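Given next are the chains, with one letter for each unit.
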There are 2 protein chains.
Amino acid sequence: MQPTVSDHILFTRGVPATEALPTELLSECMQAVLESPAGKTVLQYGHNGGYLPLRQLLGEQYGVSPDQVLIGNGSLHLQDLISALLIQPGDIVFTEQPSYDRAIKTFRRRGAKVIGIPLELDGIDTTQLEEALTRYTPRFLYLVPDFQNPAGVTTSAEKRQKLAELAQRYGFWLLEDIPYRQLRYSGSSAPLLRELVPERTLTISSYSKLISPGLRVGYVIGPLDFIKQLTALAEDTILAPVLPSQAAVYEFHKRGHFETNLEYLKRLYAPRLAAMIDALKASFPNVAFAEPEGGFFVSVTLPENSNYHNLLIRAKEQGLTLTDGSAFFASPLHEGADSASERFVRLPFCALTPEQITTGIKRLAELVR
Amino acid sequence: MQPTVSDHILFTRGVPATEALPTELLSECMQAVLESPAGKTVLQYGHNGGYLPLRQLLGEQYGVSPDQVLIGNGSLHLQDLISALLIQPGDIVFTEQPSYDRAIKTFRRRGAKVIGIPLELDGIDTTQLEEALTRYTPRFLYLVPDFQNPAGVTTSAEKRQKLAELAQRYGFWLLEDIPYRQLRYSGSSAPLLRELVPERTLTISSYSKLISPGLRVGYVIGPLDFIKQLTALAEDTILAPVLPSQAAVYEFHKRGHFETNLEYLKRLYAPRLAAMIDALKASFPNVAFAEPEGGFFVSVTLPENSNYHNLLIRAKEQGLTLTDGSAFFASPLHEGADSASERFVRLPFCALTPEQITTGIKRLAELVR
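Note that the coordinates shown come from a computational prediction; the quantities given were computed from them, not determined experimentally. Along every chain, residues carry numbers that run from 1 in the direction the sequence is written. All chains are assigned letters beginning at A, and all ligands numbers beginning at 1, according to the order in which they are written. Only residues with pLDDT of at least 70 are given local features in this predicted model, and only at 80 or more are side-chain atom pairs given and counted; all residues enter the totals for whole chains, interfaces and linings. Hydrogen atoms and water are omitted, and side-chain values are computed over all heavy atoms in the structure.

A. The packing of aromatic side chains, seen in detail. When the centres of two rings from Phe, Tyr and Trp lie within 6.5 Å, Trp using its six-membered ring, the rings pair. Their planes under 30 degrees apart give stacked, over 60 give edge-to-face, and anything left gives tilted. All told, the structure shown has 28 aromatic pairs over all chains when counted by the stated rule. Between F329(A) and F344(A) the ring centres are 5.6 Å apart and the planes differ by 75°, which places this aromatic pair in the edge-to-face class. In this pair, F329(A) sits in the loop between strand 11 (320-322) and strand 12 (331-332) while F344(A) sits in strand 13 (residues 344-348), placing the two residues 15 residues apart along the sequence. Judged by relative accessible area, which is 4%, F344(A) ranks as buried. With a centroid separation of 5.1 Å and an interplanar angle of 55°, the aromatic rings of W173(B) and F226(B) are classed as tilted. Secondary structure follows DSSP: runs of H or I at least 4 residues long count as helices, runs of E at least 2 residues long count as strands, and numbering of each begins at the N terminus. The rule is simple: take the accessible area with a 1.4 Å probe, protein chains only, and divide by the maximum for that residue type; under 20% is buried, over 50% is exposed, in between is partly exposed.

B. Molecular detail of the relation of the copies chain B and chain A. Only residues with pLDDT of at least 70 in both copies contribute their C-alpha atoms to the least-squares superposition of the copies. By a simple turn and slide, chain B fits onto chain A: the slide is 0.0 Å along the axis, the RMSD is 0.0 Å, and the turn is 180°. Here the copies are linked by what is in effect a two-fold axis. A contact between two residues is defined here by any heavy atoms of the two lying within 4.5 Å. The overlap is high: 100% of the interface residues of chain B also sit at the interface in chain A, so the same surface is used on both sides.

C. Focus on the pairing of strand 3 (residues 92-97) of chain A. Residue and element names in this part refer to chain A. Extensive coverage of strand 3 is indicated by the burial of 6 of its 6 residues. In terms of strand pairing, strand 3 meets strand 4 (residues 113-120) through 6 bridges, oriented parallel. In the sheet register, I92 faces strand 4, and the bridge partner there is K113. The path from the first strand over the helix to the second decides the hand: if it runs clockwise while the strands point away from the viewer, the crossover is right-handed. Handedness of the crossover is the feature at issue here: the chain leaves strand 3, passes through helix 5 (residues 101-109), returns alongside strand 4, and the resulting connection is right-handed. Summarising the sheet, strand 3 and strand 6 (residues 140-143) pair through 3 bridges and their orientation is parallel. From the neighbouring strand, T95 faces strand 6, where its bridge partner is Y142. Following DSSP output, two strands are said to pair if at least two bridges run between them.

D. Inspection of the pattern of salt bridges at higher detail. Each reported salt bridge corresponds to a side-chain nitrogen of Lys or Arg within 4 Å of a carboxyl oxygen of Asp or Glu. Under the definition given, this model contains 44 salt bridges over all chains. Salt-bridge contacts for R139(A) lead to D91(A); the nearest nitrogen and oxygen are separated by 3.9 Å. Within this pair, whereas R139(A) is found in the loop between helix 6 (126-135) and strand 6, its partner D91(A) is found in the loop between helix 4 (75-86) and strand 3, the two being separated by 48 residues in sequence. On the basis of relative accessible area, R139(A) is assigned to the partly exposed category, the value being 32%. A salt bridge links D122(B) to K159(B); its shortest N-O distance comes to 2.7 Å. Here D122(B) is found in the loop between strand 4 (113-120) and strand 5 (123-124), whereas its partner K159(B) is found in helix 7 (residues 157-170), with 37 residues between them in sequence. Take D122(B): its relative accessible area is 33%, and that puts it in the partly exposed class. Classification of K159(B) by relative accessible area gives buried; the value is 9%. Through salt bridges that share partners, D80(A), R109(A) and R110(A) make up one connected network.

E. Molecular detail of the domain arrangement of chain A. All names here are of chain A. For chain A, the domain assignment lists domain 1 (5-22 + 259-368) and domain 2 (37-254). Together domain 1 and domain 2 conceal approximately 3100 Å² of surface at their shared face, both sides included; 59% is due to carbon and sulfur atoms. Interface area lost by domain 1 to domain 2 is led by E293, F328 and L333, which between them contribute 22%. Summed over the shared surface of domain 1 and domain 2, the result is 2 salt bridges. For the salt bridge of R184 with E293, the shortest nitrogen-to-oxygen distance reads 2.6 Å. Polar contacts here mean pairs of N or O atoms no more than 3.5 Å apart (in protein, one a potential hydrogen donor and the other a potential acceptor; neighbouring residues in sequence count only if both atoms are side-chain atoms). Between the two partners, domain 1 and domain 2, sit 14 residue pairs in polar contact (both at pLDDT 80 or more). The element contributing the most residues to the side of domain 1 that touches domain 2 is helix 11 (residues 257-283), with 7 residues. In this document the domain limits rely on a domain assignment from an automatic tool or a database. Note on definitions: buried area is the accessible-area loss of two parts on being combined, 1.4 Å probe, summed for both.

F. Representation of unusual backbone geometry in the model. Following Q97(A), the chain continues to P98(A) via a peptide bond in cis, the omega torsion being 5°. With respect to the helices and strands, P98(A) occurs in the loop between strand 3 and helix 5. In this chain, N149(B) is followed by P150(B) through a cis amide linkage whose omega measures 15°. Relative to the assigned elements, P150(B) resides in the loop between strand 6 (140-143) and helix 7. Its identity as a non-glycine residue notwithstanding, L239(A) has a phi of 70°, on the positive side. Residue position: L239(A) is located in the loop between helix 9 (224-238) and helix 10 (243-254). Notably, H47(B) is not glycine yet its phi reads approximately 50°, a positive angle. Looking at the secondary structure, you find H47(B) in the loop between helix 2 (38-43) and helix 3 (52-62). You can call H47(B) partly exposed: its relative accessible area is 28%.

See the structure below:
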């Protein structure tokens, strides 16, 4: 029997739960901003590097000057601008393998050859990274060190230390993209790369997963000179970012809603993550996968002997929408090393109930049996 | 005697009058959006080509399908994306000479050689344009046909007809940038280029001058295939634009505020334009300049025998801030043809009172005497 439409389960993009979007609180914040003297500021030209009070707040949070913070219209566009500044056509960029599909696409569009370094259960394979560094000098290594998109992996403290050393020794930038870091449901965080090697790190983050994606408020933190150049390019490209939404985010912080909302999100998402891990263990008892302590994603690489042929099409017929796993794979370091890309399945869990997750994983297991 | 700070007059960028920014109405609109079912929509992922109800409304206004409308974070970024799609390094782009400085910069950053075709009091010099077309095939001609930035010139109906013919005959795009068109204080409008040659025209506009710059709501209208490609590039670059501000603009329209606000702006700005024209006629009786019937700018080219040496620095000492006129000039069609760029002064009038305008022009006349 074909499943009904309402029964259809989406394991596609990393979307927050719609019920978690704080419409009323943001409405109050927006109103407070627009009807205060700040209203004229955010509706006029100016604040080309982002709304100054929010830059100051982020500067305090990260222990840097506000001039080391650029706030833009979402972190993807900041990745595009960073790429425009750093990449000359033909330059090499390293990513984790697999990595965030839109990031890979952005670096390629800006002219880079993107090489993926295999990701292990505790972060990038630093042995293979060192080997790659003897062959290539990348402009940067892009990584999502906390609850990685798409694999759910968190980079261990030891590997972060190693990455910091390698970045200094070989002279490349570390782009640490940390939109999920604060969504930790258990355990404790390893240091940021910027705490280990600030002069070589660009830290990118966003409020998309913490408040709302539609606000498109993302930011980058880096060395003063770099942020100055990036801000000039941003101004040339977009003049100024959308200020009312940045001011609403600032007001959301000021009124103490950020912490309350974050706790609410953790309470909402933690059982969903647990349901996903339990369902995978039940349905795929012999498949090893990273068990994240937070974030949006778990992923599995299906065993070689599983029936993954035409999986996306067959899944859709059975009421399950999946993302093409190969989009998360850059060029492999070693020819032919990534036959795994066809067997890679990303499983976002935040916008699904535990029941939907359990049902979805059962369907997946049936399909590949 | 040095003028005091409060006495300082800024003839710099084209900024709306701060008192004209509708903070309370936008606050009400934003609240209505966020607290309605649309609130969840605009705070979530989706609507990557812009907020659909606003695309539908613009489609109706321009007599096109909503799929021919892309709404982005301000029109400057749309110009950047259009350039990314159309320009290969080394391609030729034509602009009016002078033209909008940020547009020239954008086209150059995307790899174009930008050639300026002289602007006359009724629009681009079509004789020189035809001559230029025998030498170069530009990817596009960028122009601001209504109340041009920086010169204040409006392209005559005859010249628009000629431009449409030339675009068809020689096969290049017309980028008509019309952010000021609706700010007409007297007279009547000539047809849009898109009404004459829709298959060759990309129409770009924005709410920056009509509601608020800080909202960063700009849009482009063009042939279906082109907008489809541009929307895909926009999605790859920024994922989606900032939706709450687009929804607030839609609500602003729906509640009838747009027309009321436009009438208010015209009543506010018309006497400022009149003051500017009167002051220039009084202080520069022998200088011919375009007398616009709307928009944000008047400009003058100072006579060759005037004292324009070190003008910006001397002006600042006398309480007058000017923009460097040469930024508005692309490469000349004929070598050495643009000695006028050093004598070009753009005079934005909307954010100044008639008294400030009169005082500012008197100071300018003193300085170049």
